[in-house]
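Coordinates in review
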Amino acid sequence: MQLVVGKIGRAHGIKGDVSVEVRTDEPELRLGPGAVLFTDPASAGPLTVESGKVHSGRLLLRFAGVKDRNAAEELRGTLLIAEVDPEERPDDPEEYYDHQLIGLDVVLLDGTPVGELTEVIHLPYQDLLTVRKADGTDVLVPFVTRIVPTIDLENQRAVIDPPVGLIDLAQAEVAAGADGGDVAGSDGADGAGDGDGADAGGAEESR
């Protein structure tokens, strides 16, 4: 199985280093020295990671054969793709690879269908799940335990307990209209901002 694990950004310096937008929770494994990566477009690769380092919070990689800034700039925008065994699982049972999550049915605690999980977005502070509802619109769900208490791979579903208004904005408007907005304010922002579910939000490669 092929999975996108990074995207090449701007060249850094004059020796062929490039910044990389990481799309994996295991960059030391997927993007470490010696890793051979396919690319999109295919004509740019395959690329072999020669060295890597973190600079100012960004991952910088140097690929074999890319010796100067011009060659590095030509790679800008290229997607990096790793070959992954589809049976492979993270060591932590509370973590998941993106390919395990994408396509899951998303339901509420009471079983009410919400939509389909279509993408995992990795941000520095937390991961977000993109859920496509039946009407074709997308909603972003913070991937924390409080809001996503259950990932049931056996039954191919993710159970969510969203704060008021996250899934249905009309609910937020109704709640805000009751008691001067106290109802919506009591549960909403705290739920979305709660970071106590990092263990449940350990999704991997995207994309």
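Residues numbered from 1 in each chain as written. Predicted model: local features only at pLDDT ≥ 70, side-chain atom pairs only at ≥ 80, totals over all residues. Heavy atoms only, no water.

Points about the overall build of the chain
Note the threshold: Put simply, DSSP H or I for four residues or longer makes a helix, DSSP E for two residues or longer makes a strand, and each gets a number counted from the N terminus. For each residue, the accessible area found with a 1.4 Å probe, counting protein chains only, is set against the maximum for its type, and the residue is called buried under 20%, exposed over 50%, and partly exposed in between. In this description, contact between two residues means that some pair of their heavy atoms is separated by no more than 4.5 Å. A 1.4 Å probe and the Shrake-Rupley method give the accessible areas. Residues count as covered only by the protein chains that appear here.
Along the chain, the regular secondary structure elements total 5 helices and 14 strands. The proportion of buried residues among the 207 residues of the chain is 41%. Across the chain, the fraction of contacts at a sequence separation of at least 24, relative to all contacts at a separation of at least 6, is 55%. Total accessible area computed for the chain in this model is approximately 10800 Å², and 50% of it derives from carbon and sulfur atoms.

Overview of unusual backbone geometry
Cis geometry is adopted by the peptide bond preceding proline 41, which originates at aspartate 40 and carries an omega value of 10 degrees. Checked against the element boundaries, proline 41 lands in the loop between β3 (36-40) and β4 (47-55). Cis geometry marks the peptide bond from glycine 45 to proline 46, where omega comes out at 0 degrees. On the secondary structure map, proline 46 appears in the loop between β3 and β4. In the Ramachandran plot, serine 56 falls in the positive-phi region, its phi being about 55 degrees despite a non-glycine side chain. With respect to the helices and strands, the residue serine 56 is situated in the loop between β4 and β5 (58-63). The phi angle at glutamine 156 is positive, at roughly 55 degrees, despite the residue not being glycine. With respect to the helices and strands, the residue glutamine 156 is situated in the loop between β12 (150-152) and β13 (157-160).

Focus: the sheet that holds β5
Applicable threshold: Pairing between strands is defined by DSSP: at least two bridges between the two strands are required. Axis definition: a line fitted to C-alpha atoms, over the contacting stretch in the case of helices. Angles run 0 to 180 degrees between N-to-C directions.
Strands sit in the order β1-β2-β5-β4-β3-β6 around a closed barrel of 6 strands; the barrel is antiparallel. On average, adjacent strands in this sheet sit at an angle of 50 degrees to one another, irrespective of strand direction. Note that strand β2 (residues 17-22) and β5 share 3 bridges and pair antiparallel. Residue valine 20 lies in a different strand from β5, and its bridge partner there is leucine 59.

Some thoughts on the nonpolar core
Using the following cut-off: Residues grouped as a nonpolar core are buried Ala, Val, Leu, Ile, Met, Phe, Trp, Tyr and Cys residues, joined through side-chain atoms within 4.5 Å.
Ranked by size, the top nonpolar core spans 20 residues in total, and within it Ile8, Val20, Leu31, Leu37, Leu61, Phe63 and Leu80 carry the most contacts. When contributions to this core are tallied by element, the ones reaching two or more residues are β1 (2-12), β2, β4, β5 and β6 (79-83). Considering every element that reaches this core, the biggest residue donor is β1, with 4 residues. The contact partners of isoleucine 8, leaving out residues within four places of it in the chain, are Val18, Ser19, Leu47, Phe63, Leu75, Arg76, Gly77, Thr78 and Leu80.

Points about the sheet that holds strand β9 (residues 113-122)
Taken together, 6 strands build an open sheet; the order of strands is β11-β10-β9-β8-β13-β12 and the sheet is mixed. For this open sheet the edge positions go to β11 (138-142) and β12, each flanked by a neighbour on one side alone. For this sheet, the mean inter-axis angle between neighbouring strands, taken without regard to orientation, is 35 degrees. Relative to β13, strand β8 (residues 105-108) runs parallel, the two sharing 4 bridges. Each bridged residue has a counterpart across the sheet, and for leucine 108 the counterpart in β13 is isoleucine 160.

Observations regarding the environment of glutamine 126
Secondary-structure assignment places glutamine 126 in the loop between β9 and β10 (127-133). The buried category is assigned to glutamine 126, whose relative accessible area is 16%. Sequence separation between glutamine 126 and valine 144 is 18 residues; the distance between their C-alpha atoms is 8.0 Å.

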